[in-house]
Amino acid sequence: MNGLKRGALIVVEGVDRSGKSTQCRKLVESLKARNVNAALVTFPDRTTSTGGLIDKYLKQETHLCDEAIHLMFTANRWEKKAEMERLLKQGVTLVVDRYSYSGIVYSSVKKNMSVKWCQEPENGLLKPDLVLLLVLSEAEMVKRPNYGSEIYENREMQEKVAQAFRDLSEREKWEVVSADGGVEDVHKELLDKVIKKVSQVGTQPLHTLNF
Ligand code: FDM
Ligand code: MG
């Protein structure tokens, strides 16, 4: 890589209302403040052509069968792979708000698609250097009841998703961070882990997902 240090691919996962988006924004700000070249990536990216369809599906303005919407979410990531790879190789650390794991978890809890089936089309996408899972305790989840009106924003779905994320985090040995604390406390904990990772990956090769 001509001695140029690559950026790190950092993924933040978790249920709705766990503070993912706020934390991702703050991570990018703090990295930049430390002169680490960083950018935010959000999935689904609702601005692309597949993203437009996903947005309509989530807002319940259009119907797609479970298999089709699953593949749309995956395609939405494939559309961004080349750009993400280019940025990483240019030394930009990417903080990614949801990734393939959201794709696998939200789809596979629907029961008609196996985890194996859901994972297959994710193979070949860029493999994160670090996955941070934000978890909410039961008590804290009850305190944050104000879900929006999108298709998955209901208690039953969120509980299934939370359990599936916990199972996956054990299998994949992710860093699990409690999201119960204040925004700044959670941020400090995440930033610490991210900075360590950024300093480690410099000359390491990028890998691809291989479930
Ligand atoms: N979601 C998100 C999926 O079902 N599959 C995916 O691959 C991704 C990236 O989309 F309910 C779901 C998770 C959530 C919804 O996400 C919209 P945001 O982060 O709330 O916008
Ligand atoms: Mg949401």
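Residues numbered from 1 in each chain as written. Chains lettered and ligands numbered in written order. Predicted model: local features only at pLDDT ≥ 70, side-chain atom pairs only at ≥ 80, totals over all residues. Heavy atoms only, no water.

Q: Break down the overall build of the chain for me, citing the residues and quoting the values.
A: On a plain count of helices and strands, the chain comes out with 8 helices and 5 strands. Relative to its length of 211 residues, the chain is compact, with a C-alpha radius of gyration of 17 Å against a globular reference of 17 Å. Classification of the 211 residues of the chain by burial places 49% in the buried group. Of the contacts formed within the chain by residues at least 6 apart in sequence, a portion of 81% connects residues at least 24 apart. A total accessible area of about 10500 Å² is found for the chain, and carbon and sulfur atoms account for 50% of it. For the chain, the separation between the mean place of its 32 positive charges and that of its 30 negative charges on side chains is 4 Å. (Helix = DSSP H or I, 4+ residues; strand = E, 2+ residues; numbered from the N terminus. Rg over C-alpha atoms; globule rule 2.2 N^0.38 Å. Buried < 20%, exposed > 50% of the residue type's maximum accessible area, 1.4 Å probe, protein only. Contact = heavy atoms within 4.5 Å. Areas by Shrake-Rupley, 256 points an atom, 1.4 Å probe, with all protein chains shown as cover. Lys, Arg positive; Asp, Glu negative; His and termini not counted. Charge placed at Lys NZ, Arg CZ, Asp CG, Glu CD.)

Q: Please provide a residue-by-residue account of the environment of Val15, values included.
A: Residue position: Val15 is located in the loop between strand E1 (9-14) and helix H1 (20-33). Classification of Val15 as buried rests on a relative accessible area of 4%. Residues within four places of Val15 in sequence aside, it is in contact with Lys20, Arg98, Tyr106, Leu134, Leu136, Gln158, Val161, Ala162 and Phe165.

Q: Any details on helix H2 (residues 49-58)? Residues and values, ideally.
A: Along H2, the residues classified as buried are Thr50, Gly51, Ile54, Asp55, Tyr57 and Leu58. Angularly, the buried residues of H2 cover 160° about the axis, an arc narrow enough to put them on a single face. Elements in contact with the buried residues of H2: helix H3 (66-89). Gln60, located one to two residues past H2, shows a positive phi value of around 60°. (Arc of directions from axis to C-beta.)

Q: Pulling in residues and values, what's your account of unusual backbone geometry?
A: In this chain, Phe43 is followed by Pro44 through a cis amide linkage whose omega measures -5°. Relative to the helices and strands, Pro44 is located in the loop between strand E2 (38-42) and H2. In this structure, Gln60 takes a positive phi of about 60° despite not being glycine. For Gln60, the position within the fold is in the loop between H2 and H3.

Q: Describe the sheet that holds E1, naming the residues involved and giving the relevant values.
A: Across the sheet, 5 strands lie side by side as E2-E3-E1-E4-E5; this open sheet has parallel pairing. Either end of the sheet is taken by a strand with one partner, and the two such strands are E2 and strand E5 (175-178). Sheet twist, expressed as the average angle between the axes of neighbouring strands with direction ignored, equals 25°. Pairing geometry for E1 and strand E3 (residues 93-97), over 4 bridges, is parallel. Paired with Val12 across the bridge in E3 is Asp97. Along the sheet, helix H4 (residues 100-108) makes contact with E1 and strand E4 (130-135), crossing E1 at roughly 25°. (Pairing = 2+ DSSP bridges. Axes fitted to C-alpha atoms, helices over the stretch in contact; angles between N-to-C directions.)

Q: Provide a residue-level description of the side chain of Ser18, including the pertinent values.
A: One can find Ser18 in the loop between E1 and H1. Residue Ser18 is classed as buried on the basis of its relative accessible area, which comes to 4%. Within the structure, the side chain of Ser18 is placed 2.7 Å from the backbone oxygen of Val15, a separation counted as a polar contact. (Polar contact = N/O pair within 3.5 Å; in protein donor to acceptor, adjacent residues only side chain to side chain.)

Q: Please provide a residue-by-residue account of the packing of aromatic side chains, values included.
A: For the structure shown, the criterion picks out 6 aromatic pairs. On the basis of an interplanar angle of 45° and a centroid distance of 5.9 Å, the ring pair of Phe43 and Tyr99 is categorised as tilted. With Phe43 in the loop between E2 and H2 and Tyr99 in the loop between E3 and H4, this pair connects stretches of sequence that are 56 residues apart. Taking the relative accessible area as the measure of exposure, Phe43 reaches 3% and is therefore buried. When the ring of Tyr101 is compared with that of Phe211, the centres are 6.2 Å apart and the planes differ by 80°; the resulting orientation is edge-to-face. Taken together, the residues Tyr101 in helix H4 and Phe211 in the segment after helix H8 (183-201) connect sequence positions 110 residues apart. The class of Tyr101 is buried, set by a relative accessible area of 3%. Residue classification places Phe211 among the partly exposed positions, given a relative accessible area of 29%. (Phe/Tyr/Trp six-rings, centres within 6.5 Å; stacked < 30°, edge-to-face > 60°.)

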